[in-house]
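Single-letter residue listing:
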Amino acid sequence: MNIFIAIVLWLAAIAAAGWVFRFVGQKVTGNKPLFRDMSYGVAVGYILAAVLLVWLGWSYVLSRSPDQTIANKYFFLGKAVEGFLLFAASAWAFRIFGRNVGSAGTRKLFRSMPLTASFGILTIIIYAIVAIFAGAIAPYGQEEILGAANVVPGGNPAMGGNPDYPLGTDQIGRDILSRLIYGAQNTVGIAFATTVLAFLIGATLGFLAATLGGWLDQLLSRAVDVLMAIPSLIFALLLMTIASAWAGSEKGLLTFYMVVIIAVIDSTRVFRLARAVGLNIVVMDYIEAAKLRGEGMGYLIFREILPNATAPLLAEFGLRFCFVFLTIASLSFLGVGIQPPLADWGTMVRDLAQFINFAAFAPQVASAPLLAASAIALLTVAVNFVVDWMLHKSSGLKE
Amino acid sequence: MASILRIIAQRLALGIVTLFVVSIVIFAAVNLLPGDFAQLILGQGATPEAVEAIRQDLGLDQPPITRYFQWLAGAVQGDLGNSFAQANFASFAGTDVGTGQGSVAAQIAPRFENTMFLAGVTAVIAVPISITLGVLAALYRNSAFDRTANILTLSSISSPEFFLAYILILFLAVLNPILPSLSNIYDGMELSDRFIKTLLPALTLTLVVTAHMMRMTRAAIINLLASPYIEMARLKGISPMRVIVKHALPNALAPIINVIALNLAYLITGVVVVEVVFVYPGIGQLFVDSVKIRDIPVVQACCLIFAAAYILLNLTADILSIISNPRLRHPK
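Position numbers for residues start from 1 in each chain and track the written sequence from start to end. Naming scheme: in the order in which they are written, chains are lettered from A and ligands are numbered from 1. In keeping with the predicted nature of the model, local features appear solely for residues at pLDDT of at least 70, side-chain atom pairs appear and are counted solely at 80 or more, and the whole-chain, interface and lining totals rest on all residues. The basis for the side-chain values is all heavy atoms of the structure; hydrogens and waters are excluded.

Some details on the overall build of chain A
Strands here are runs of E lasting at least two residues and helices are runs of H or I lasting at least four, both read from the DSSP assignment and numbered beginning at the N terminus. Of the regular secondary structure elements, chain A holds 17 helices and zero strands. Reported as C-alpha extents along the three principal axes, the dimensions of chain A are approximately 75 × 70 × 50 Å. When each of the 399 residues of chain A is scored for burial, the buried share is 46%. The contact criterion used is simple: two residues touch if any of their non-hydrogen atoms lie within 4.5 Å. A sequence separation of at least 24 residues applies to 65% of the contacts in chain A between residues at least 6 apart. Between buried and exposed lies partly exposed: a residue is buried under 20% and exposed over 50% of the maximum accessible area for its type, with that area taken using a 1.4 Å probe on protein chains only.

Printed below as a string of structure tokens:
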């Protein structure tokens, strides 16, 4: 219960400090408008932000302290502060780079870009490079079982590490760094393929329903309504049960079934959007003109509707990729997604999760599962930042 | 008032029809399995006679449509069949007479209660926090506070649940042992103890749900700020806080209530991963365990319950938004 009392005391202190801050500000600056019109809530907000910043800075200092128990306790906060600053700095540098290099169009794009979006683009590029060249970057193979199991991350022999394996090895002796790198290829690659498949199915059917209308539209729309009434993760788990019975002991086949299942489930959401966008386009005059010219259905969908529906579909592609990626990661985490021996982040988190309990004594050990989990989080956050920026830009919401 | 009742009745009927169709989909999906239940229960070395006996016992020799209606009739009465894993062959040998040990309903009932408790605790924490934060973000829009909140909520929406869960475990259970990281709930536990053990999974869900609800609250309020009556209120000289709480919030209530109900629907289904992380004995954990050992009757039943909860909450969202919006209540 002590901790709750401490929280209440801290809040009371911050509330009091907010009042003092405003009062002193008014007296010292001789009632400048900034302090004169400041509401009490804003004053408390300033103090709260200041306290949080000081606390973060102080924990960073503590994480560097020579006393090992204290340093261990603040290890993760310290790393988080370091990581945040590193990301912010690289995003900032990337934006400067983008503003000065490239064609006039891209330079203009980078000028109005918020830092979050440039961070997102940079992260996506890095992930793409790592995923494509995983075989060349990774020091070891993803299925390669090396000499020592459970080598501690950090590469410090004094603490049970090994400089050959900078992030250590897992419970059966596979290099964690290599598996993380291959995970980019497997997890991101499979998620990407699934999203593309979902878009092929969903967009084609959606446009078809929009152009043809009639009973086909009714049939597809009602079918999609039913499929969307079942929560997607639950439905995916149900279908995976059946798929695992179908696939039997062939693990590769199960991964393939998973791709199809998730693609079908997610294509319902794409269908909704494609149909809605398509319906707006179908009533345009140029579609009418194309129809009168006697163009076929394929021409109508791919040459007339698709180019005009790219912008909303592209934003949806980013969001859909996030959902698919998270679904696959969750399925793998639950043990029914991507199957071993393929390296995959969700599975890695599940396998290494127990090491988190050692965080108080050996923070390096506990960082392995968190690295895999944050690899997932980082990509989805990055994609979401970019999509958010794109939507903000295209909607013209400037407020 | 008559029209509103009619609309609600319509929606309810639609919901029941959807649930009916969904149950067909679930049943049909499960019946796509190669071989059949009997083969699955007995495994590889089953003799044809034994398989045939179990087929008859489970009624698998009847056509699918008959079996579907039997299953549905049972499900409506609360009898969801027998679990394969718990079934133990006693029930098939006929020695297990009416103990109900292996029945799916007996397995699900206590876990369902636990999941509802978790969802309830989460809702009690998340709803007030998200509405308060949403109002504050709308009040101080485009300030440093708003931008930070925007980045933080976007990050927490897009992170996987298990990432947030492990971060919370790391900081609140391992490094600072404030809360227990395992939620071993059992019968006859004291309520306060149970609450403490539920707190960490509830906080994880809160992080996910709050972000979404807060963003919607902010967006709903900001949408209204351009309307003439808000301008009028401002010109009267009312303080910004009062403008938002007294004038904007009541009109923004419809979308906010809608998003709250949708997030509660998410809570019921999104608990799966969180329950697994914290080993919380809820229905989601049971579902995942059954998926792994292919315990078809349990999977089927859990799926039906999740779908029903999801449909019901979406329905509630619909109905509440109609009730809270006079324009929808009196359609032209």
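So, the overall build of chain B
What chain B contains, in helices and strands, is 14 helices and zero strands. What you see in chain B, going N to C, is helices and strands ordered as α-α-α-α-α-α-α-α-α-α-α-α-α-α. The buried share of chain B, taken over its 332 residues, is 48%. Here the analysis covers contacts within chain B between residues at least 6 apart in sequence; of these, 72% occur between residues at least 24 apart.

Brief notes about helix 4 (residues 64-76) of chain B
Residue and element names in this part refer to chain B. Between the first and last residue of a helix there are one fewer steps than residues, each counted as 1.5 Å, and that sum is the expected span. Over its 13 residues, helix 4 runs 18 Å from end to end, which matches the ideal 18 Å to within 8%, given 1.5 Å per residue. Within helix 4 the residues assigned to the buried category are Arg 67, Tyr 68, Trp 71, Leu 72, Gly 74 and Ala 75. Mapping the buried residues of helix 4 onto a view down its axis gives an arc of 160°, with all of them on the same face. For helix 4, exposure combined with an orientation more than 90 degrees from the buried face picks out Ile 65 and Val 76. In this context, the arc is that of the directions from the helix axis out to the C-beta atoms.

Things to note about the UniProt feature "domain: ABC transmembrane type-1" (unreviewed entry) in chain B
UniProt positions are given in the numbering used here, feature names are shortened, and annotations may be inferred rather than shown by experiment. What UniProt calls "domain: ABC transmembrane type-1" (unreviewed entry) maps, in this numbering, to residues 112-317 of chain B. The straight-line gap between the two end C-alpha atoms of residues 112-317 of chain B is 22 Å; of that span, 83% is helix and 0% is strand.

Structural notes on the interface of chain A and chain B
Residue-level contacts link 49 residues of chain A with 52 residues of chain B. By convention, the term buried area covers the 1.4 Å-probe accessible surface removed from two parts as they join, with the contributions of both added. Regarding the contact of chain A and chain B, the summed buried area is about 4,400 Å², with carbon and sulfur atoms giving 80% of it. When residues of chain A are sorted by the area they lose upon contact with chain B, Ile 234, Leu 238 and Leu 334 of chain A head the list and together hold 13% of the total. A carboxyl oxygen of Asp or Glu within 4 Å of a side-chain nitrogen of Lys or Arg is what we treat as a salt bridge. In this assembly, chain A and chain B are joined by one salt bridge. Here Asp 388 of chain A ties to Arg 215 of chain B by a salt bridge, and the two come within 3.6 Å at their closest N and O atoms. N or O atoms closer than or at 3.5 Å make up a polar contact, with two conditions inside protein: a donor-capable atom paired with an acceptor-capable one, and, for residues adjacent in sequence, both atoms drawn from side chains. Remark: the boundary between chain A and chain B carries two residue pairs in polar contact (both at pLDDT 80 or more). Among the secondary structure elements, those contributing two or more residues to the side of chain A that touches chain B are helix 3 (40-63), helix 4 (68-73), helix 5 (75-100), helix 10 (214-228), helix 11 (232-247), helix 15 (310-334) and helix 17 (363-395) of chain A. The element that contributes the greatest number of residues to the side of chain A that touches chain B is helix 11 of chain A, accounting for 11 residues. Note that Gly is not counted as nonpolar here; it falls among the polar residues with everything else outside the nonpolar set of Ala, Val, Leu, Ile, Met, Phe, Trp, Tyr, Cys and Pro and the charged set of Asp, Glu, Lys and Arg. Across the side of chain A that touches chain B, the residue classes tally to 34 nonpolar, 12 polar and three charged.

Here we look at the domain arrangement of chain A
Start and end points for every domain follow an automatic or database-based domain assignment. In terms of domain boundaries, chain A breaks down into domain 1 (1-63) and domain 2 (176-395). A separation of 44 Å is found between the C-alpha centroids of domain 1 of chain A and domain 2 of chain A.

Focus: the pattern of salt bridges
Pairs can form between side chains of opposite charge whenever their charged atoms are close. All names here are of chain A. Overall, the coordinates contain 12 salt bridges over all chains when judged by the stated rule. Between Asp 225 and Arg 222 there is a salt bridge; the shortest N-O distance is 3.1 Å. Here Asp 225 and its partner Arg 222 are both found in helix 10, three residues apart, which amounts to about one turn of the helix. The class for Asp 225 is partly exposed, based on a relative accessible area of 26%.

Structural notes on the nonpolar core
Nonpolar core, defined: a set of buried Ala, Val, Leu, Ile, Met, Phe, Trp, Tyr and Cys residues in which side-chain atoms within 4.5 Å join the residues together. One finds Leu 237, Leu 331 and Trp 345 of chain A together with Phe 162, Tyr 166, Ile 169 and Val 277 of chain B to be the most contacted residues of the largest nonpolar core, which totals 146 residues. Examining the composition of this core, we find that 16 residues originate from one element, helix 11 (residues 240-277) of chain B, more than from any other. Filtering out sequence-adjacent residues up to four positions away, Trp 345 of chain A remains in contact with Tyr 127, Arg 179, Leu 180, Gly 183, Ala 184, Thr 187, Val 188, Phe 325, Ala 372, Ala 375 and Ile 376 of chain A. Phe 199, Val 277, Val 282 and Leu 313 of chain A belong to the second-largest nonpolar core, a separate cluster that totals 16 residues.

Concerning the packing of aromatic side chains
Any pair of Phe, Tyr and Trp rings, taking the six-membered ring for Trp, is counted once the centres come within 6.5 Å. Such a pair is stacked with planes under 30 degrees apart, edge-to-face with planes over 60 apart, and tilted for the rest. In total, this model carries 22 aromatic pairs over all chains according to the counting rule given. Relative to Phe 162 of chain B, the ring of Phe 333 of chain A lies with its centre 4.5 Å away and its plane at 15°, an arrangement referred to as stacked. Pair noted here: Phe 333 of chain A is in helix 15 and Phe 162 of chain B is in helix 8 (residues 161-175), and the two residues belong to different chains. Ring centres 6.3 Å apart and planes at 65° place the aromatic pair Phe 20 of chain B and Tyr 68 of chain B in the edge-to-face group. Here Phe 20 of chain B is found in helix 1 (residues 2-30), whereas its partner Tyr 68 of chain B is found in helix 4, with 48 residues between them in sequence.

Section: the UniProt feature "transmembrane region" (unreviewed entry) in chain B
All names here are of chain B. Taken from the UniProt record, the annotation "transmembrane region" (unreviewed entry) applies to residues 12-33, 117-139, 151-175, 195-214, 252-278 and 298-323. In residues 117-139, helix accounts for 100% and strand for 0%; the two terminal C-alpha atoms are 33 Å from one another. Across residues 151-175, the secondary structure splits into 92% helix and 0% strand, with the terminal C-alpha atoms separated by 26 Å.

Overview of a positive patch on the surface
Residues and elements named next belong to chain A. Like-charged residues within 9 Å of one another, or nonpolar side chains (Val, Leu, Ile, Met, Phe, Trp, Tyr) within 5 Å, are grouped into patches, provided each residue has over 30% relative accessible area and no salt bridge. Here the open area of atoms and residues is found with the Shrake-Rupley method and a 1.4 Å probe, where only the protein chains shown may cover a residue. Counted as positive: Lys and Arg. Counted as negative: Asp and Glu, with His and the chain ends omitted from the count. Taken as the charge centre is NZ of Lys, CZ of Arg, CG of Asp or CD of Glu, depending on the residue. A grouping of Arg 107, Lys 108, Arg 111 and Lys 393 is seen on the molecular surface, where their side chains present a positively charged patch. In terms of residue count, the dominant contributor to the positive patch is helix 6 (residues 104-111) (three residues). Positionally, Arg 107 belongs in helix 6.

Examining unusual backbone geometry
Residues and elements named next belong to chain B. Positive phi outside glycine occurs at Asn 142, with the angle close to 65°. Here Asn 142 lies in the loop between helix 6 (104-139) and helix 7 (144-158). On the basis of relative accessible area, Asn 142 is assigned to the partly exposed category, the value being 37%.

Brief notes about the UniProt feature "transmembrane region" (unreviewed entry) in chain A
All names here are of chain A. Under the UniProt annotation, "transmembrane region" (unreviewed entry) lies at residues 38-62, 74-97, 117-138, 188-216, 228-247, 317-336 and 372-391. With 91% helix and 0% strand, the stretch residues 117-138 has end C-alpha atoms that lie 28 Å from each other. Along residues 372-391 the backbone is 100% helical and 0% strand, and the end-to-end C-alpha distance reaches 29 Å.

As for helix 5 of chain A
All names here are of chain A. Taking 1.5 Å per residue, 26 residues should reach 38 Å; helix 5 reaches 38 Å between its end C-alpha atoms and fits that length. Within the span of helix 5, buried status applies to Phe 75, Phe 76, Leu 77, Gly 78, Val 81, Gly 83, Ala 91, Phe 94, Arg 95 and Gly 98. Gly 102 lies just past helix 5 and shows a positive phi near 110°.

Focus: a nonpolar patch on the surface
Taken together, the side chains of Ile 3, Phe 4, Ile 7, Leu 11, Leu 48, Leu 52, Trp 55 and Leu 56 of chain A together with Ile 178 of chain B make up a nonpolar region of the molecular surface, amounting to roughly 750 Å² of accessible area. Within the residue set of the nonpolar patch, elements represented by two or more residues are helix 1 (2-28) and helix 3 of chain A. Among the structural elements, Leu 56 of chain A can be located in helix 3. A relative accessible area of 32% means that Leu 56 of chain A is categorised as partly exposed.

Quick look at the environment of Tyr 74 of chain A
Along the chain, Tyr 74 of chain A falls in the loop between helix 4 and helix 5. Tyr 74 of chain A has contacts with Ser 59, Leu 62 and Ser 63 of chain A, leaving out every residue within four places of it along the chain.

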